[in-house]
Amino acid sequence: KGIPIDFDKMELESREHTMRGDVRQIEFYYKFITNGTKSTQRLGIYGISKWWYKPKGGLSPEDVKWYKMAGQYTVTDADSSYFNKYKPIIIKKLYEFLDDEYPTMQVTTARTLAYMGISDSLVIDKLEYYSNGTNSYQWNMGNIGYPDKSSIYWEGKTEKEIRNDYIQAIVKIGKSGLLILEKRNNNKSKIIMESEDNEKEINELNLNNRDLDWDYVSSNLPLSNI
């Protein structure tokens with residue numbers, strides 16, 4: 001509406017609220033994952049998943065209803081070209097995070113790719129690995145996307161209990177990613193990797209499936225490093 005917005009002086013939550021319901025938020029989240037800190041990147045990765053309810057891009061019906069009630073929804077079918085423009089760019093960038101040092105980043109990325117309709121073996125393996133809590137004692141936790149350890153949320157909890165809470169949060173994300181893929185299959189939705197045209201699109205991004213490598217995580221990670 002011609003109102004100047006100074007994103008440099010706004011908190012992340014304020015920025016996201018300002019762009020809510022605007023198709024250009026895709027570009028905004030892409031900037032999050034390319035230029036942000038780890039926590040900002042994770043926010044961008046999660047934000048992108050909210051827009052890819054449909055394989056070609058588009059909010060869920062529930063979100064559309066909410067945004068319309070709030071007078072914020074501005075996305076129409078004509079905006080699909082904007083999604084298509086950013087889709088290959090975003091997919092290529094997301095695949096880089098499947099090898100991130102933090103499991104939180106890996107599993108959030110895999111779930112976002114699932115939202116986008118991608119179900120190749122690497123994405124599925126990541127989701128299954130984390131949903132099963134495989135070798136969770138080795139996970140390099142960090143506190144990416146979770147309350148800081150000084151938060152009142154953790155009051156009275158031991159280091160071990162905090163770590164277990166982090167692990168359970170990651171397991172939950174992995175399970176939700178698998179559920180997304182299951183629902184797409186049950187609803188006979190078009191999944192990107194099953195389409196010859198889309199398969200060509202993915203291949204053009206030079207995304208080669210890799211053997212999973214979990215050796216970067218130290219098996220002797222002390223709890224104090226959470």
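Residues numbered from 1 in each chain as written. Predicted model: local features only at pLDDT ≥ 70, side-chain atom pairs only at ≥ 80, totals over all residues. Heavy atoms only, no water.

K.L.:
Explanation requested: the environment of Ile26 in the structure shown.
P.N.:
When you line up the elements, Ile26 lands in helix 2 (residues 25-35). What makes Ile26 buried here is its relative accessible area of 0%. The contact partners of Ile26, leaving out residues within four places of it in the chain, are Trp51, Trp52, Phe83, Tyr86 and Ile90. (Helix = DSSP H or I, 4+ residues; strand = E, 2+ residues; numbered from the N terminus. Buried < 20%, exposed > 50% of the residue type's maximum accessible area, 1.4 Å probe, protein only. Contact = heavy atoms within 4.5 Å.)

K.L.:
I would appreciate a short explanation of the nonpolar core in the present structure.
P.N.:
As a rule of thumb, nonpolar side chains are buried together in soluble globular proteins. Membership of the largest hydrophobic core comes to 46 residues, with the highest contact counts inside it found for Trp52, Ile90, Tyr95, Val123 and Trp139. Elements represented by at least two residues in this core include exactly helix 2, helix 3 (38-51), helix 4 (61-69), helix 5 (80-97), helix 6 (103-115), helix 7 (121-131) and helix 8 (159-186). With eight residues, the single largest contributor to this core is helix 8. Sequence-distant contacts of Ile90, that is, excluding residues within four places in its chain, are made with Ile26, Tyr30, Ile48, Trp52 and Met116. (Core = buried A, V, L, I, M, F, W, Y, C linked by side-chain atoms within 4.5 Å.)

K.L.:
Which parts of the structure should I look at to understand the side chain of Arg111?
P.N.:
Following the sequence through the fold, Arg111 ends up in helix 6. A residue is classified by how much of its surface remains accessible, and Arg111, at 13% relative accessible area, is buried. For Arg111, the residues in contact, after removing those within four places along its chain, are Tyr46, Leu127, Ile173, Ser176, Gly177 and Ile180.

K.L.:
I keep staring at the packing of helix 3 against helix 5 and nothing clicks. Help me out?
P.N.:
Between two packed helices, what matters for the description is the angle formed by their axes and the separation of those axes. Helix 5 packs onto helix 3 with a crossing angle of 135° between their chain directions and a minimal axis gap of 12 Å. Regarding the angle of helix 3 to helix 5, the classification is oblique. Read as a crossing pair, helix 3 and helix 5 show a hand that is left-handed. Where helix 3 abuts helix 5, its residues Gln41, Ile45, Ile48 and Trp51 lie against Phe83, Ile90, Leu94 and Phe97. Residue composition of the contact of helix 3 with helix 5, grouped by class: seven nonpolar, one polar and no charged. (Axes fitted to C-alpha atoms, helices over the stretch in contact; angles between N-to-C directions. Parallel < 35°, antiparallel > 145°, perpendicular 65-115°, else oblique. Left-handed = near helix turned anticlockwise from the far one by under 90°. Nonpolar A, V, L, I, M, F, W, Y, C, P; charged D, E, K, R; others polar.)

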